[in-house]
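# Observations on the three-dimensional arrangement
In case you want the letters, here they are:
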Amino acid sequence: MEFKLLPVNKNRIAQVLVCIFICSSIAHAQTDSVKAKVPFEGMDLTWINGQNRQRNFPLTFKDSKTGETICTGVAYFDGYYNYNFARPIDNTQTISSTIGRSTEFTLNLASIGIESNYKNIVGRVWLQAGQMLSIVQDLDQTVNKGRNTPVNNVKFIREAAAGYHFNKWYGLNVEMGIFMSYIGLESYMLQENWSYQRSLVCELTPFYFSGARVQAYPAKNYKVELWLMNGWQTYSNFNQAVSVGNSNYYRPNENVQLVANFYLGRDTKNSDRLRFHNDNSVVVRYYKNQASSGISQAGLSLNVHYGFQSGDGITPNQQYMTGFALANRLWFLRDKLAMTLRVDGVTNPGLYLAATPSPVTPNAFTAAMDGDPKKQLNLFQTTVTFDVMPNDYVTFRFEYGYRASNVPYFAGPGGTTSPDGWSNTPIPPGWQPDLRKTENRLLFAMNFRL
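A short tour of the structure in this document, coming up. (Residues numbered from 1 in each chain as written. Predicted model: local features only at pLDDT ≥ 70, side-chain atom pairs only at ≥ 80, totals over all residues. Heavy atoms only, no water.)

## Brief notes about the environment of Glu115
Rule in force here: Each helix is a run of DSSP H or I of at least 4 residues and each strand a run of E of at least 2, with the numbering of both proceeding from the N terminus. Here a polar contact is recorded for every N or O atom pair within 3.5 Å, except that within protein the pair must consist of a potential hydrogen donor and a potential acceptor, and residues adjacent in sequence are included only if both atoms are side-chain atoms.
Turning to its location among the elements, Glu115 is positioned in strand 3 (residues 105-118). Linking Glu115 and Thr416, residues 301 residues apart in sequence, is a C-alpha distance of 41 Å. At 3.0 Å, the side chain of Glu115 forms a polar contact with the side chain of Trp126.

## A short note on the pattern of salt bridges
Defined as follows: A carboxyl oxygen of Asp or Glu within 4 Å of a side-chain nitrogen of Lys or Arg is what we treat as a salt bridge. For every residue, the accessible area (1.4 Å probe, protein chains only) is compared with the maximum for its type, and the residue is labelled buried under 20%, exposed over 50%, or partly exposed between those bounds.
In total, this model carries 22 salt bridges according to the counting rule given. A salt bridge links Arg213 to Glu175; the nearest nitrogen and oxygen atoms lie 3.3 Å apart. Of this pair, Arg213 sits in strand 7 (residues 208-219) while Glu175 sits in strand 6 (residues 172-180), placing them 38 residues apart in sequence. Grouping residues by exposure puts Arg213 and Glu175 together as buried. Between Asp267 and Arg275 there is a salt bridge whose closest N-O contact spans 4.0 Å. Residue classification places Asp267 among the buried residues on the basis of a relative accessible area of 8%. Three or more residues joined by partner-sharing salt bridges are found here, namely Asp44, Arg55, Glu254, Arg285, Lys288 and Asp392.

## Observations regarding the pairing of strand 10 (residues 256-265)
For clarity, the threshold we go by: Only strands joined by at least two bridges in the DSSP assignment are considered to pair.
As judged from the eight bridges shared by strand 9 (residues 243-253) and strand 10, these two strands associate in the antiparallel manner. Considered in strand 10, the bridge of Gly245 is made with Tyr263. Joining the antiparallel neighbours strand 9 and strand 10 is a turn of two residues.

## Comments concerning the packing of aromatic side chains
Our working definition: Any two of the Phe, Tyr and Trp rings considered here, Trp counted by its six-membered ring, make a pair once their centres fall within 6.5 Å; the pair's planes then place it as stacked at under 30 degrees, edge-to-face at over 60, or tilted in between. Only Lys NZ and Arg CZ are tested; either one counts as a charge over a ring when it is within 6 Å of the ring centre and within 35 degrees of the ring normal.
Counted under the stated rule, the structure contains 20 aromatic pairs. Their ring planes at 50 degrees and their centres at 6.1 Å tell us that Tyr188 and Phe207 sit as a pair that is tilted. With a gap of 19 residues between them, Tyr188 in the loop between strand 6 and helix 3 (200-203) and Phe207 in the loop between helix 3 and strand 7 connect regions that are remote in the sequence. Judged by centre distance (6.0 Å) and plane angle (10 degrees), the ring pair of Phe209 and Tyr263 falls under stacked. Separated by 54 residues along the polypeptide, Phe209 in strand 7 and Tyr263 in strand 10 bring together distant segments of the chain. With respect to class, Phe209 is no different from Tyr263; both count as buried. A connected cluster of aromatic rings, assembled from ring pairs, spans Phe179, Tyr182, Phe209, Trp227, Trp232 and Tyr263. Directly above the aromatic system of Trp126 lies the positively charged group of Arg158, at a separation of 3.9 Å from the ring centroid. For the cation-ring pair, Arg251 lies above Phe40, with the distance from its terminal atom to the ring centre recorded as 4.6 Å.

## Notes on the pairing of strand 16 (residues 394-405)
Inspection of the sheet shows strand 15 (residues 376-391) paired to strand 16 by 11 bridges, in the antiparallel sense. Opposite Val384, over in strand 16, you have Tyr400 as the bridge partner. Sheet topology places strand 16 next to strand 19 (residues 438-449); 11 bridges connect them, and they run antiparallel. Counterpart to Val394 in the pairing with strand 19 is Phe448.

Read these as layout, nothing more, since geometry by itself doesn't imply function.
Written out as structure tokens, the structure is:
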């Protein structure tokens, strides 16, 4: 058999090689475009109430060969001096998860940690200490269930999580650990909020969760999260059931944020009582001229919340909480100064989630609320906050706050601890905490974040 070589068409070979090169380039470009998808890319979100305002992170460590970020170090400090005009004898600021002391210089929160998303491995560890732990983490009663769960094992961890990032859509993260809460507009990190004292609505929502979550970014401007948790601000759980939650963030552009959050769980000791909460917020920046020495930005935030529990003879109209917080913020002098005015209120029948102003009972508050199913706790608050921000890392904050209730609820001059204000002083018969219907305070705070 005889074989003959066909004549070589050099033009055809060149065409094939060009085609291969073009196809390869397109495929490579498509791969790069998938990897390059970043949710909310190009949006300035530093102005939003409850968001970190940092634009640069100086404690960033990168791979010397690839330039890829390995991890980012973080450091945070927050301290305040709070002056309550009632001057309670025990220096205790009541009915607040933000401020615990009065007429004292107080270290509220100090935290250090690292965060990483290196080679799709998600990890973060934040350690914390400070006075705020005494009025947030120390209240977790689930650590008394069984053994091996003392609160001191975990309360000094602000956040710790591990997970993996999948290059799906604009990102898909699966994580497990201790997280900051997704419910409520205002943050546990006070520098991120437009005001120092949180709104009454946010005071009655969780600040942390233990569990697992899936974060999905199906579009550039939308994030949805699914949560499985031990419970409502708990390290362990009250029952055998797992709580579930859902969070939705939609930002059509950098000037608007819409949020809808949901929670469902059983959070009562040895009970099938069910808790449901829905938290919604809208934040709008309606003016921007950051080069201006006058007003450089202006924003408005509205947060509304509704929650109830039912079961064991309790109906949703007997124990529920509903409230709102409306804030307007103006930035001046190229964002170096800012002023926020906020009004907020809460209605709370059945004392659902209401804090007790004093562990000493009976007192004026319990006497006013006891035995009457029609009684409800109504709270109102307004704050005026002025911020001096030389840069993105430090804030000097001045704030005036006024609160009022329909029943005696806030500390008066006599305090809420004992006749002389010390917790180890025996309580004589007939002594009652000094409670008033109104409260006025002034606060100066300093914080920094790197």
